[in-house]
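Coordinate inspection notes
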Amino acid sequence: MNALYDARVPLSEARRVHVRAAAHTGQSMQDTNAGNRHFDTLIVGAGSMGMAAGYYLSRLGNKVLLLDAGDPPHDQGAHHGATRLIRHAYGEGAAYVPLALRAQQLWEDLEQQTQTALFVRTGVVNIGSPDDAFMREVLVSAASHGIPLETLDAAAAGKRWPAWRLRPEQIANFEPGAGVLYCERAIGAYRQLATSLGATLGTNTRVRRIECHGRESVNVWTDTNDKFTVRDLIVCAGKSTRDLLAPLGLEIPVTRVRKSFAWFGSAPGLFAPERFPGFFVASEMGGYYGFPDLDGNGLKLGRHDAGEPVAADAPLAPFGARPGDLGDLQAFLQRYLPGAGKLRVGRVCEYDMTPDEHFIIDRVPTCPNVHIATGFSGHGFKFASAIGEALAERITQGESRIDLAMFARKRFA
Ligand SMILES: Cc1cc2nc3c(=O)[nH]c(=O)nc-3n(C[C@H](O)[C@H](O)[C@H](O)COP(=O)(O)OP(=O)(O)OC[C@H]3O[C@@H](n4cnc5c(N)ncnc54)[C@H](O)[C@@H]3O)c2cc1C
């Protein structure tokens with residue numbers, strides 16, 4: 001468990017919501033009787049998507065077993081680093097908007113149910129040239145779904161948010177209703193709710209093999225040779241998903257990519273949320289995203305494009321092992337945010353990239369009770385609540401309220 005998660009930052013006073021730290025204790029919740037019990041659904045990977053699905057299934061009365069190679073939330077997957085942006089006017093495609101809006105609703109429900117601070121409405125500003133495809137799609141998304149959005153030219157943006165030095169030809173599309181999710185706390189909150197509803201979580205338990213018999217049953221083996229037989233299976237095991245599904249004859253076109261991000265100091269107040277919203281910049285230097293100084297941790301910055309492809313089982317080289325880890329971030333700060341101070345702390349994480357950077361949410365054709373959720377390509381967390389709910393609906397009702405057809409794997413055929 002990393003220090004930033006442990007810090008359990010209190011909810012911003014502006015939101016005036018009572019805060020209670022997530023009840024997640026960090027201790028193993030391995031259920032030693034798991035092997036003797038009956039489960040309807042087994043979830044391989046209790047991270048962002050898996051923990052949410054575990055909760056929504058449990059709420060629907062499904063008996064769930066979640067198995068995770070670590071003790072989630074943890075820093076061995078794609079969900080650490082304390083915070084994630086949630087945007088609704090979606091540059092990656094207007095088709096995502098219904099999912100983003102549903103996800104937002106569910107995050108707020110989760111906050112209420114657990115009385116835990118999970119979302120801060122900082123607003124998110126999208127910066128780029130007006131003819132950039134991402135920027136145009138932000139406008140299309142907002143217009144077609146009635147999402148409030150303001151467009152500012154470079155001079156107006158610099159006045160409103162003094163830390164920014166935009167190029168004269170750039171614009172800023174600001175979505176005031178967007179903001180920041182506390183990702184590790186959210187997984188802790190789902191864990192608390194799912195287990196309180198009876199879900200069993202096996203931590204530090206790696207799944208090594210899956211075998212399926214048509215619609216009848218699915219067998220799953222762990223690395224300690226425990227075997228589970230269930231009717232329904234969800235595989236949302238990040239980097240392992242590809243290898244786990246290959247023996248079922250399924251080719252999953254996902255590449256694991258090493259990514260770095262870091263927190264920086266600043267002059268007092270320059271990056272405070274009131275003066276500096278969350279951001280995504282599509283620039284000549286690449287795609288960069290960042291967060292205001294929340295809870296005194298400093299400005300957080302990461303590069304969205306580029307990164308180093310790595311094998312599923314390879315350890316990630318630590319932050320600083322590649323010149324670009326800090327070099328790219330510093331070059332961006334120098335050009336666009338010159339008031340940023342020194343590096344405070346840097347981390348590495350991973351993206352599971354598909355060729356078109358859209359997700360894969362589907363079933364295995366020969367085993368329709370085996371569901372897949374993977375390839376979240378560095379922008380999946382914001383949707384985890386809605387995807388968890390959709391997976392639960394697919395399993396218990398056959399279909400989900402939100403149409404997920406655009407994420408079918410056959411688009412790569
Ligand atoms: C630096 C960074 C910044 C990001 N910023 C944003 C953002 O601002 N907004 C946004 O929406 N998204 C963002 N993302 C993307 C988002 O975090 C991911 O898309 C999302 O967390 C992926 O969820 P997942 O469930 O696929 O993976 P995870 O949350 O990693 O869950 C996978 C789980 O599977 C487990 N597992 C793996 N192998 C096995 C096995 N064999 N057996 C059992 N368990 C196994 C792992 O331990 C892990 O817990 C960012 C990602 C990174 C790395």
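Our subject in this report is the structure included herewith. Bear in mind the structure is a predicted one, so any value in this text is a computation, not a measurement.

**Let's talk about the site of the ligand**
Not every one of the 33 residues close to the ligand is listed here, only the nearest: Ser48, Asp68, Ala78, Ser240 and Cys349. Ser240 is positioned with one of its side-chain polar atoms (N or O) 2.6 Å from a nitrogen atom of the ligand. At a separation of 3.4 Å, a nitrogen atom of the ligand approaches a polar backbone atom of Gly378. Contact with the protein chains covers 97% of the free accessible surface of the ligand, which is 1,000 Å². At the level of secondary structure, the elements contributing two or more residues to the shell around the ligand comprise helix 2 (48–59), strand 3 (83–86) and strand 19 (340–353). No other element matches the three residues that strand 19 contributes to the shell around the ligand. For the shell around the ligand, the per-class residue count stands at 15 nonpolar, 13 polar and five charged. Composition of the shell around the ligand by domain shows at least three residues from each of domain 1 (3–78 + 184–252 + 357–412) and domain 2 (124–176 + 255–353).

**With respect to the sheet that holds strand 13 (residues 232–235)**
Here we have six strands laid out as an open sheet, ordered 9-2-1-13-21-20, and mixed in their pairing. Looking at the sheet topology across the chains shown, the edges are occupied by strand 9 (200–202) and strand 20 (360–364). Taken over all neighbouring pairs, the strand axes of this sheet differ in orientation by 20° on average, direction set aside. Pairing of strand 1 (residues 41–44) with strand 2 (residues 64–67) involves four bridges; the strand directions are parallel. From the neighbouring strand, Ile43 faces strand 2, where its bridge partner is Leu66. Along the sheet, helix 9 (residues 384–397) contacts strand 1, strand 13, strand 20 and strand 21 (367–374); its crossing angle with strand 20, the most-contacted strand, is approximately 20°.

**Quick look at the side chain of Asn126**
Looking at the secondary structure, you find Asn126 in strand 5 (residues 124–128). Not counting residues up to four positions away in its chain, the partners in contact with Asn126 are Arg87, Phe134, Met135, Val138, Ile171, Ala172, Asn173 and Phe280.

**Re the state of the cysteines**
In total, this model carries one disulfide according to the counting rule given. One disulfide in the model links Cys212 with Cys367; its S-S distance is 1.7 Å. One quick way to see it: the torsion about the S-S bond of Cys212 and Cys367 is about -70°, and its sign makes the bridge left-handed. Here Cys367 lies in strand 21 and Cys212 lies in strand 10 (residues 207–213), a separation of 155 residues in the sequence. With no disulfide of its own, Cys236 has Cys349 as its nearest cysteine by sulfur position, at a separation of 16 Å. A relative accessible area of 10% means that Cys236 is categorised as buried.

The rules we used
- Every chain begins its residue count from 1, and numbering advances along the sequence as written.
- In view of the model being predicted, local features appear only for residues whose pLDDT reaches at least 70, and side-chain atom pairs are presented and counted only at 80 or more, with totals across whole chains, interfaces and linings using the full set of residues.
- With hydrogens and water set aside, each side-chain value is computed from the structure's full complement of heavy atoms.
- Think of it this way: one heavy atom of a residue within 4 Å of a molecule or strand is enough to make that residue near it.
- Here a polar contact is recorded for every N or O atom pair within 3.5 Å, except that within protein the pair must consist of a potential hydrogen donor and a potential acceptor, and residues adjacent in sequence are included only if both atoms are side-chain atoms.
- Every accessible area reported is derived by Shrake-Rupley at a probe size of 1.4 Å, with residue values counting cover from the shown protein chains alone.
- To qualify as a helix, a DSSP run of H or I must reach at least 4 residues; to qualify as a strand, a run of E must reach at least 2; elements of each kind are numbered from the N terminus.
- Only Asp, Glu, Lys and Arg are considered charged, only Ala, Val, Leu, Ile, Met, Phe, Trp, Tyr, Cys and Pro nonpolar, and every remaining residue, Gly among them, polar.
- Those domain boundaries reflect an automatic or database domain assignment.
- Strands qualify as paired when DSSP identifies two bridges or more between them.
- For helices, the fitted axis covers only the stretch in contact; all axes are lines through C-alpha atoms, and the angles between them, taken along N-to-C directions, range from 0 to 180 degrees.
- Working rule for contacts: check all heavy atoms of both residues, and any pair within 4.5 Å makes them a contact.
- Any two cysteine sulfur atoms within 2.5 Å of one another count as a disulfide.
- Three exposure classes are used, based on accessible area relative to the maximum for each residue type with a 1.4 Å probe and protein chains only: buried under 20%, partly exposed in between, and exposed over 50%.

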